[in-house]
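A structural walkthrough
Read off the chains here:
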Amino acid sequence: MKNSSNSRRGNKTRSCLTSDIAPHTEFLEPISTALESAPPANYCLEPLRPGGTLISPPEVRVGVTQTNDDFFHSLSGTVPALRGLSVDAHDATNTEHRMTFLDGCRLYPKAIAWSALLSTTIVLEGYGTILLNGFLGFPVFRQTFGVPTNPNFLSDEREYGISPAWQAGLINAAYTGQILGLMLNGLLTDRFGYHRVMVGSLICLSLLLFLTVFAVNIVMLLASQVLCGLPWGIFQTLSMTYAAEVMPLALRAYLTANINNCWLVGQISATGILRGFINVTSEWSFRVPLALQWALAIPILIVVLFAPESPWWLVRHERHEQAKKSLLRLTQVRSDVHINADKTITMLHHTNEAEKYLNGSELSYLSCFKGTDFRRTEIACMVCITQSLCGAALSGYAVYFFQQAGLSTQNSFNVGLGMFGAALVGGILSWIWLRIFGRRTLYLWGLILSFIILLVIGGVGTLKESEGTSWTIGCLIISFTFIYDTTIGPVCYVLVAEIPSTRLRVKTVVLARVAYNLISLVVNIVTPRMLNPTAWNWGGLSAFLYAGTTLYCLIWAYFRLPEPKGLTYLELDILFNKKASARRFRRVQRNLESSGYFSLTQANHLDRSWWGYS
């Protein structure tokens, strides 16, 4: 009788792995059909209802594409540790999907605060990198670091200038340092954690600012820009990946998109301060704005000393108890909204172990170009590169066109401030559009609208140059900037933070930002030459070149950019492992819901989640 029972049980197991369900299931979870002590062969794949009960095969056949049931069966059989984690991981993932926007704000106010604080380091980076561009227009700056353009004149009548080669060197020095800092960050963060690297970077920047503020010649200033670029490069990735790891699914997009707003705040601050010192004739006109970086760096450093480490990083280093303590420091205990810290850490552990099985345990830069991670690296890099290729560099020249139209330098700076203010409003509006349209749709429409505006700018550039054409181009660039910072700019940071696997997130984001900086080096050399009357003198025709590169980016995004909205990191791992095409991501996501995988909630609940209804 015992052998007969085992035989019947074995036949049942084989049945659920073959003809009864296999042709009609999608992304299913292994469920034990025997005692825990039973061998792996007694595990079969069956779909789950949201409540945890099994769905009968006829229900599963509705709208679900075929896939390989052996995926999860092999995952459970090969990684025995996942069997004990599966139930709690299900519950924690269910909680993530049920969490509304308001629930997330109630549960994670501390995580929001810490993420926002670390993101202010981007304000430092945006502020510091734009200052030198403005200083080039200050006569006292040119006199301090330049050479006489008319050396035969009396000293009081001499004019000073900085050669184009040195100008390019000063502007690109920071990008060079950022590339080095980015690559260094990929190694340091994985080894020492977010907290230590951020504290160390802020200390380094605070010390290196002495070189910048008290530079006595152009060589010293150039060296200081390269060295300050090291912590700036670290800030670029560390703040983004920290936000992606400490925020729940309901808040993830808003805090990562906020990176773009922080960069804008840095630019607005620098432009406003430059506007305030434009009439100062002493060396303090540029030394004080440089020194003001301490006013932000030191307070951030003091507060960051008490910041919690990322629970994901602690889980990757097998420090689960510390990960739980860190998670509790990021959350707020409430009676009306509940989160189970143990189950949440189990979900992180489950995802980490699954990724180790799917993609290997190696954490090198080379791993980013292997298997499914190669596709994720491609997406992250192209999304970042698009920021440069879509014509965003023209935003910095709106002031130039208004000056060509006859505006005074002061009024041109005022217009520049207004442009950045409009961009900041657009960045805030992007939080709403992300919720309504998702990442992919918003990104594609941003590229389409940018392409149209660039074509119009190019068309105006074909007309005879006049005050009217300069006014028109300047206004169109302001419109372009608003569109960019409502769509492409903030969505880029969301996608780059969400698309990589959790284990290779830091290194993938590093590679993406390195690609961006390399392209920016080229753009920063080409754009001034296109607009400079003494060089190529393309004027508004320059927009045609960027219209072409924008069209290329649009075609790439349509065929290669997926929609990660509403998916946990493990679910993204599954979709990439299944090689779901970019245009089918949303359909496959619905198939996930139909199959009951991980007890996913239905779309009608997600439509209400913004308002906080359950």
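Residues numbered from 1 in each chain as written. Predicted model: local features only at pLDDT ≥ 70, side-chain atom pairs only at ≥ 80, totals over all residues. Heavy atoms only, no water.

Going by an unreviewed UniProt entry, the protein carries the name Major facilitator superfamily (MFS) profile domain-containing protein and comes from Penicillium flavigenum. Here is the UniProt Subcellular location (unreviewed entry) comment for the protein, exactly as written: "Membrane". For the record of the protein, the UniProt heading Sequence similarities (unreviewed entry) holds the text "Belongs to the major facilitator superfamily. Sugar transporter (TC 2.A.1.1) family." (UniProt positions renumbered as here; feature names shortened; annotations may be inferred.)

Attention now goes to the overall build of the protein. If you tally the helices and strands in the protein, you get 26 helices and 4 strands. For the protein, the proportion of its 614 residues judged to be buried stands at 55%. Sequence separation of at least 24 residues holds for 80% of the intrachain contacts in the protein that already meet a minimum separation of 6. For the protein, the exposed area adds up to about 25100 Å²; of that, 63% sits on carbon and sulfur atoms. (Helix = DSSP H or I, 4+ residues; strand = E, 2+ residues; numbered from the N terminus. Buried < 20%, exposed > 50% of the residue type's maximum accessible area, 1.4 Å probe, protein only. Contact = heavy atoms within 4.5 Å. Areas by Shrake-Rupley, 256 points an atom, 1.4 Å probe, with all protein chains shown as cover.)

By the burial criterion, the buried members of helix α15 (residues 320-330) are A323, S326, L327 and L330. Buried positions in α15, seen along its axis, are confined to an arc of 100° and lie on one side of it. In α15, the exposed residues that point more than 90 degrees away from the buried face are E321 and K325. The elements touched by buried residues of α15 are α5 (101-107), α6 (109-135), α10 (218-246), α14 (311-316) and α16 (341-359). (Arc of directions from axis to C-beta.)

The next thing to look at is the packing of aromatic side chains. Under the counting rule described, the total for this entry stands at 16 aromatic pairs. Taken together, a centroid distance of 4.7 Å and an interplanar angle of 55° make the contact between F210 and W294 tilted. Taken as a pair, F210 in helix α9 (residues 194-213) and W294 in helix α13 (residues 293-304) lie far apart in primary sequence, 84 residues in all. Ring centres of Y558 and F559 lie 5.0 Å apart, and the angle between their planes is 90°; this geometry places the pair in the edge-to-face category. Three or more aromatic residues joined by ring pairs make a cluster, and in this case those are F135, F138, F141, F145 and F286. Positioned over the ring face of Y558 is R440, at 5.5 Å from the centre of the ring. (Phe/Tyr/Trp six-rings, centres within 6.5 Å; stacked < 30°, edge-to-face > 60°. Lys NZ or Arg CZ within 6 Å of the ring centre and 35° of its normal.)

Right, let's get into the nonpolar core. The nonpolar side chains of soluble globular proteins are, as a tendency, buried together. Of all hydrophobic cores here, the largest spans 155 residues; its most connected members are F135, F141, V383 and Y443. Ranked by residue count, the leading element in this core is helix α19 (residues 409-461), at 13 residues. In this structure V383 touches Y443, C492, L495, V496, W556 and L561, once residues within four positions along its chain are discounted. (Core = buried A, V, L, I, M, F, W, Y, C linked by side-chain atoms within 4.5 Å.)

Let's shift gears to the packing of α10 against helix α11 (residues 252-276). The contact between α10 and α11 brings their axes to 9 Å, and the two run at 170°. Viewed along their axes, α10 and α11 adopt a mutual orientation that is roughly antiparallel. When α10 is examined against α11, the residues S239, M240, A243 and A244 are found in contact with a partner set consisting of R252, L255, T256 and I259. Classifying every residue of the contact of α10 with α11 gives 5 nonpolar, 2 polar and 1 charged. (Axes fitted to C-alpha atoms, helices over the stretch in contact; angles between N-to-C directions. Parallel < 35°, antiparallel > 145°, perpendicular 65-115°, else oblique. Nonpolar A, V, L, I, M, F, W, Y, C, P; charged D, E, K, R; others polar.)

A word on a nonpolar patch on the surface. The grouping of L455, W536, W538, L541, F544 and L545 at the surface amounts to a nonpolar patch, some 530 Å² of accessible area in total. Here F544 lies in helix α23 (residues 542-560). (Patch = residues over 30% accessible without salt bridge, like charges linked within 9 Å, V, L, I, M, F, W, Y side chains within 5 Å. Salt bridge = Lys/Arg side-chain N within 4 Å of Asp/Glu carboxyl O.)

At E318, a position not held by glycine, the phi torsion is positive, near 60°. For E318, the position within the fold is in the loop between α14 and α15. You can call E318 partly exposed: its relative accessible area is 45%.

A word on the packing of helix α17 (residues 371-389) against helix α22 (residues 505-531). Contact geometry of α17 with α22 gives a least axis separation of 8 Å together with a crossing angle of 30°. Regarding the angle of α17 to α22, the classification is roughly parallel. Both α17 and α22 take part in a crossing whose hand is right-handed. Along its contact with α17, which presents R376, T377, A380, C381, C384, I385, Q387, S388 and L389, the element α22 presents T508, L511, A512, R513, A515, Y516, I519, S520 and V523. (Left-handed = near helix turned anticlockwise from the far one by under 90°.)

This next bit is on the confidence of the model for the protein. Here the protein averages 80 in pLDDT, while 79% of its residues score no lower than 70. Here residues 596-614 is modelled with pLDDT under 50, and outside its nearest four sequence neighbours on either side it reaches 57 contacts, counting other chains as well. (pLDDT = per-residue confidence, 0-100.)

Next up on the list: empty space enclosed by the protein. Empty space left among the atoms is revealed by rolling a probe the size of a water molecule over them. Counted according to the given criterion, the structure contains 6 cavities of 30 Å³ or more. One number sums up the size of the largest cavity: a volume of about 240 Å³. Around the largest cavity sit 21 residues that line it, and E96, M247, W312, M347 and L348 are the ones nearest its centre. At the level of secondary structure, the elements contributing two or more residues to the lining of the largest cavity comprise α4 (81-98), α10, α14, α16 and α24 (569-577). (1 Å grid on protein atoms, 1.4 Å probe; cavity = no way out; pocket = protein on both sides within 12 Å on 5 of 7 lines; lining within 4 Å. Points joined across faces, edges and corners; volume = space filled by probe spheres on them.)

This part is about the pattern of salt bridges. The tally for this structure, following the rule as stated, stands at 13 salt bridges. Residue R106 pairs with D103 through a salt bridge whose shortest N-O separation is 2.9 Å. Of this pair, R106 and D103 both sit in helix α5, 3 residues apart, which is roughly one turn of that helix. Looking at D103, the relative accessible area reads 15%, which means it is buried. One salt bridge connects R439 with E498, and the closest N-O pair in it is separated by 2.7 Å. You can see R439 sitting in helix α19 and its partner E498 sitting in helix α21 (residues 488-498), a full 59 residues away along the chain. By sharing partners, the salt bridges in this structure join E245, R316 and R505 into a single network.

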